[in-house]
Amino acid sequence: MRDHHKLTAFKLADQLTLNVYALTAEFPQSEIYGLTSQMRRAAVSVPSNIVEGCARETETEYLRFLDIAFASLRELHYQYTLAERLGHLATESSLESDFVECEKVLGSLIRSFRRP
């Protein structure tokens, strides 16, 4: 088993989740069952799948959960840009660089397991 606390990808995903929760707390009440809920679920999915992958025995299983985490991260990134276009985000609350960094680190981790 791997220790997820040692992974930069986990740390970044965990912090991004906290930031998404804070950000969506400011969304309109009309979005509580829509975009707020979707974004929070996708955000929690990223570090959760990294943790679950770390608990798996085989590298193949580990990689499968990292892939799921990456897909959730991309889903969340889209939802963030949608919220931005809908006008739900304050201009000073940009998480764009956080998304890019998290995607780079998680993507690199995944690629490191795919190299021959």
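The structure under discussion appears in the preceding block.
Residues numbered from 1 in each chain as written. Predicted model: local features only at pLDDT ≥ 70, side-chain atom pairs only at ≥ 80, totals over all residues. Heavy atoms only, no water.

### Details of the overall build of the chain
Looking only at helices and strands, one finds 4 helices and 0 strands in the chain. Across the chain, helices and strands are ordered from the amino to the carboxyl terminus as α-α-α-α. Taking 116 residues into account, the globule formula puts the C-alpha radius of gyration at 13 Å, and the chain, at 15 Å, falls close to it. If you line up the chain on its principal axes, its C-alpha atoms span 45 × 25 × 20 Å. Partitioning the contacts of the chain with sequence separation of at least 6, the portion at a separation of at least 24 is 71%. By element, 54% of the accessible surface of the chain is carried by carbon and sulfur atoms, the whole surface being about 6,700 Å². (Helix = DSSP H or I, 4+ residues; strand = E, 2+ residues; numbered from the N terminus. Rg over C-alpha atoms; globule rule 2.2 N^0.38 Å. Contact = heavy atoms within 4.5 Å. Areas by Shrake-Rupley, 256 points an atom, 1.4 Å probe, with all protein chains shown as cover.)

### Describing the packing of aromatic side chains
According to the stated counting rule, one finds 2 aromatic pairs in the structure shown. With a centroid separation of 5.1 Å and an interplanar angle of 90°, the aromatic rings of Tyr62 and Phe113 are classed as edge-to-face. Taken together, the residues span a long stretch of sequence, with Tyr62 in helix 3 (residues 59-85) and Phe113 in helix 4 (residues 96-114) at a distance of 51 residues. You can call Tyr62 buried: its relative accessible area is 2%. (Phe/Tyr/Trp six-rings, centres within 6.5 Å; stacked < 30°, edge-to-face > 60°. Buried < 20%, exposed > 50% of the residue type's maximum accessible area, 1.4 Å probe, protein only.)

### Quick look at the nonpolar core
In this structure, Met39, Ile50, Leu76 and Leu106 are the most contacted members of the largest nonpolar core, which totals 30 residues. Residue contributions to this core peak at 8 residues, all from helix 3. Among all residues touching Ile50, those that are not within four sequence positions of it are Leu7, Ala9, Phe10, Ala13, Leu66, Ala69 and Leu106. (Core = buried A, V, L, I, M, F, W, Y, C linked by side-chain atoms within 4.5 Å.)

### Description of the pattern of salt bridges
Enumeration over the complete set of coordinates arrives at 4 salt bridges. Residue Asp67 is joined to Arg114 by a salt bridge in which the shortest nitrogen-to-oxygen separation is 2.5 Å. Taken together, the positions of Asp67 in helix 3 and Arg114 in helix 4 put the pair 47 residues apart, joining distant regions of the chain. Looking at Asp67, the relative accessible area reads 29%, which means it is partly exposed. When its relative accessible area of 49% is taken as the criterion, Arg114 is described as partly exposed. Residue Glu103 is joined to Arg74 by a salt bridge in which the shortest nitrogen-to-oxygen separation is 3.7 Å. Placement of the pair is Glu103 in helix 4 and Arg74 in helix 3, with a sequence separation of 29 residues. The partly exposed category is assigned to Arg74, whose relative accessible area is 47%. One continuous salt-bridge network, built from bridges that share partners, spans Glu52, Arg56 and Glu61. (Salt bridge = Lys/Arg side-chain N within 4 Å of Asp/Glu carboxyl O.)

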